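This is what each chain is made of:
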Amino acid sequence: MTDTDNSQPSGMTKRSFLQSVGMIGGTAAVMTALQGWEMGFASEMDRPPEMSTDGKGKKVIILGAGLAGMVLAFEMAKKGYKTQIIEALDYAGGRCVSARKGSVIEEVGSEKQVCNFQDGNYVNYGPWRIPAEHKSTIYYCRTLGVPLEVMVNKTGKSYYYYENKEGPFKGVPIRQEHADIDFKGYSTELLAKVADQGALDQLISQEDKEMLLTHLKRSGLIDSKEFNYRANRARGHSSYPGAGTNFGKLSEPYEMADVLSIANASRNETADHPAVMFQAVGGMDQIAQGLKRALKKSQIRYNSEITDIVQDDNGVKVTYKNTKNGRVRSEEADYLISTAPLGVMQKMNINLSEDMAAAIKATSGSPACKIGVEFNHRFWEQNDMIYGGVTSTDIPGHRILSYPSGNLFGSAHGDTGVILGYYPIGGQSIPISNLSMAERTEFALSVGEKIHPGNYRKYFTGESISVAWHKMKYALAGWENWSRRGRTRSFPVMQKGDNRIFISGNIASPALGGWMAGAIEGAWSTMEVIDKRVAQQG
Amino acid sequence: MKNYFKLLLALLGASTLMTAANAQDHSAEGAQIYTDYCEACHQIGGEGYEDIYPALKDNEFVNGDKEELIYLLLEGRAGMPTFISDLEVDQLTTIINYIRNSWGNTAGEITQEEMDAAYDEIAEEEDGFGPGN
């Protein structure tokens, strides 16, 4: 960023300027800057940017037919650019994939897996949940006719399972609703008592204290005289009420000390991981397929591995090899946008400037593993009342187990379903990727059996499929992130581009790493940068 | 590995049997960390895999500037992950000294103080929400 003019950023788009402001000054600074332009957040992110120029027939080569690459090809073609995607693999979608019958996953140096799930069953082994606030992702689903459905991200009925914390819950699956409400109940009790005893008098006014106590009492969690947390309707019943004189029996809270031994797990909920999220009906890959359908067939060249990229002041020449027949081709363009994962891009022979080459290195690839485990009975629904949601564990390399939100009650394609059997990310996923496919399945089964004893192994169909993203040749990571130092020092260098070469994808959205919205909005921000360049330089 | 032990023992000066035992444990721990966290990509013996995962054996970067290598482990580098959240700070020191002094690599060793200084600069405050997409 230049520092010659603080009010109007030169050489940067509004978006990139705001991102930089945000990194330095936080949200408040961004809001101040936005108010200066009389703009709000929403209009910025819920549709592609307006571009000031038409593309004037400029040719743009895009590396990678993932979400970012296809968004770029689709949107820039609409504006009069000639766009051509070069893709190393034989399919469109990149990491936006689902495995179903016939899908193939082949990791570097590992055995090839072919998915053999029953018809209708699938696992999203790439992105798997969309929060309401990711308007950009929802925009494409809506405009491309990709149906979305609710993805249940949190249900009280799923479990916390901790075997590495001492206490009475060690190795015992605990319903999340019980642990969560007990934590809230005891917190309410303690707060009400200290407020009542005057311990907050230095912190809040008398009037606010009265209001606080009123709300705490109205929560129904504590009795109104002693303020003790006790059995309540929020926690539910141990014996269910029914007709006639069956009023049921309220369940008794756990002891406070026991609840404290696990309650911190309930903090795993953020605005972008709310209880109700969304997924594409039939598999998240349908979003990628929607974008693919919106492109002309000739806009994606498959099985093409980049070998060399040479740029000069007039354009860029790309050389690539057909991975099936070895044929080498070259193609020239005015601009090149790489959406290749940075670990993959690093292997390409490109004459980048020193600054850009250094900027790319201020990032990291995040390893991630997933497994889909198929069952021939939805025991979690019928036995445990679990309909979607996530069970959390503290088993290294496991982290979570997620129940399917599609085909609820077996109403779409019968009494069958696929559980996401584990999903470790970062370094803890690497030991899992050391396992053979059979060992990975056994690991998933062994953990599942602890949470659902007597059922998990019993109803396993024998079919599973797993991925270690850091071992996929053209991904080498689940997603990429900027290092903390890189965010401030290197991201602005990357975002303005290097002469004729631009880098896009989720790495162009530092705050949205690993999200589909990161790929889409990253693509949008790159379009704006190129638009401005073309407007200035032709 | 021999040089590594010699260096370690020399540094420790009046080394006792106890110290020697610790040194051995140290290297065994390095080997275990390597197996768990590095071998999936960089392969047994630091051989690397084709042109996809670089060999660590005879690797200029590994044997070069130690500060760069420390930051690489803490922050990652393009496709390479960061291990700041997954390994303890002393384990990070151990694995660096292991790869710099294995398979014929004979780079100098880094100290815990050097790692701690970089770690303190890079580490972010835990926000309590944990990772995840």
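Description of the structure in this document. Treat the numbers as computed from the prediction; the structure is a model and nothing was measured. For every chain, the first residue of its written sequence is number 1, and the numbers climb from 1 along that sequence. The lettering of chains begins at A and the numbering of ligands begins at 1, in the order of writing. Totals for whole chains, interfaces and linings use every residue, but because this is a predicted model, local features are given only for residues with pLDDT of at least 70 and side-chain atom pairs only at 80 or more, for both listing and counting. Only hydrogens and water are set aside; all other atoms, that is, all heavy atoms of the structure, feed into the side-chain values.

### Remarks on the interface of chain B and chain A
Then, in step 1: A contact between two residues is defined here by any heavy atoms of the two lying within 4.5 Å. Opposite the 31 residues of chain B that make contact, chain A presents 42 residues.
Then, in step 2: In total, chain B and chain A occlude about 2,900 Å² of area from one another, counting both sides; carbon and sulfur atoms represent 52% of this.
Then, in step 3: Salt-bridge detection follows one rule: a side-chain nitrogen of Lys or Arg within 4 Å of a carboxyl oxygen of Asp or Glu. Connecting chain B to chain A are 2 salt bridges.
Then, in step 4: Between Glu75 of chain B and Arg485 of chain A there is a salt bridge; the shortest N-O distance is 2.7 Å.
Then, in step 5: Here a polar contact means two N or O atoms within 3.5 Å. Within protein one must be a hydrogen donor candidate and the other an acceptor candidate, and residues neighboring in sequence count only if both atoms are side-chain atoms. Along the contact surface separating chain B from chain A lie 13 residue pairs in polar contact (both at pLDDT 80 or more). Here's the idea: put two parts together, see how much 1.4 Å probe accessible area each one loses, and the total over both is what we call buried area.

### Concerning the packing of helix α4 (residues 135-143) of chain A against helix α16 (residues 516-537) of chain A
Residue and element names in this part refer to chain A.
Then, in step 1: Angles run from 0 to 180 degrees between N-to-C directions of axes, and those axes are lines fitted to C-alpha atoms, restricted for helices to the stretch in contact. Runs of E in the DSSP output that reach at least two residues are strands. Runs of H or I that reach at least four are helices, and both are numbered from the N terminus. Where α4 meets α16, the axes come as close as 8 Å, and the angle between the chain directions of the two elements is 85 degrees. By the angle between their axes, α4 is roughly perpendicular relative to α16. Every residue of α16 that contacts α4 at Ser136, Thr137, Tyr139 and Tyr140 is listed here: Met516, Ala517, Ile520, Glu521 and Trp524.
Then, in step 2: Under the grouping applied here, Gly and all other residues not named as nonpolar or charged are polar, the nonpolar ones being Ala, Val, Leu, Ile, Met, Phe, Trp, Tyr, Cys and Pro and the charged ones Asp, Glu, Lys and Arg. Each residue belonging to the contact of α4 with α16 can be placed in one class, and the counts come to 6 nonpolar, 2 polar and 1 charged. Note on terminology: angles under 35 degrees are roughly parallel, angles over 145 are roughly antiparallel, angles of 65 to 115 are roughly perpendicular, and the others are oblique.

### A look at the state of the cysteines
Then, in step 1: When the sulfur atoms of two cysteines come within 2.5 Å, that pair is taken as a disulfide. Evaluated as defined, the whole model comprises 0 disulfides over all chains.
Then, in step 2: Free cysteine Cys96 of chain A: the closest other cysteine sulfur is in Cys141 of chain A, separated by 8.8 Å.

### Observations concerning the nonpolar core
Then, in step 1: We define a nonpolar core as any set of buried Ala, Val, Leu, Ile, Met, Phe, Trp, Tyr and Cys residues linked to one another through side-chain atoms lying within 4.5 Å. Throughout, exposure labels follow a simple rule: accessible area from a 1.4 Å probe, protein chains only, divided by the maximum for the residue type, with under 20% read as buried, over 50% as exposed, and the rest as partly exposed. If you look at the biggest cluster of nonpolar residues, it comprises 42 residues, and the most contacted ones within it are Met70, Tyr140 and Ile287 of chain A.
Then, in step 2: Tallying contributions element by element places α16 of chain A first for this core, with 9 residues.
Then, in step 3: For the domain bounds, the source is a domain assignment made automatically or taken from a database. Viewed by domain, this core spans two of them, domain 1 (14-90 + 302-363 + 482-537) and domain 2 (104-154 + 274-282 + 368-471) of chain A, each represented by three or more residues.
Then, in step 4: For Tyr140 of chain A, the contacting residues outside a window of four places in its chain are Pro48, Val71, Phe74, Glu75, Gly145, Leu291, Ile520 and Trp524 of chain A.
Then, in step 5: Ala340 and Met345 of chain A together with Cys41 and Ala78 of chain B belong to the second-largest nonpolar core, a separate cluster that totals 32 residues.

### A closer look at α4 of chain A
Then, in step 1: Every buried residue of α4 of chain A is listed here: Ser136, Thr137, Ile138, Tyr139, Tyr140 and Cys141 of chain A.
Then, in step 2: A positive backbone phi angle near 70 degrees is found at Gly145 of chain A, which sits one or two residues after α4 of chain A.

### Here we look at the pairing of strand β19 (residues 390-393) of chain A
Residue and element names in this part refer to chain A.
Then, in step 1: Side chains Val390 and Ser392 of β19 all project onto a buried face; the interleaved residues Thr391 and Thr393 project onto the opposite face, where all are buried too.
Then, in step 2: Bridge analysis of strand β6 (residues 159-161) against β19 gives 2 bridges, and the strand direction is parallel. Looking at the pairing, Tyr160 lines up with Ser392 of β19.
Then, in step 3: Any two strands with at least two DSSP-identified bridges between them are counted as paired. As defined by bridge partners, β19 adjoins strand β20 (residues 400-402) across 3 bridges and the pair is classed as antiparallel. Bridge pairing links Ser392 to Ile400 in β20.
Then, in step 4: Counted between consecutive antiparallel strands, the loop separating β19 from β20 contains 6 residues, among which Gly397 sits at a positive phi close to 80 degrees.

Coordinates in, geometry out; function isn't part of it.
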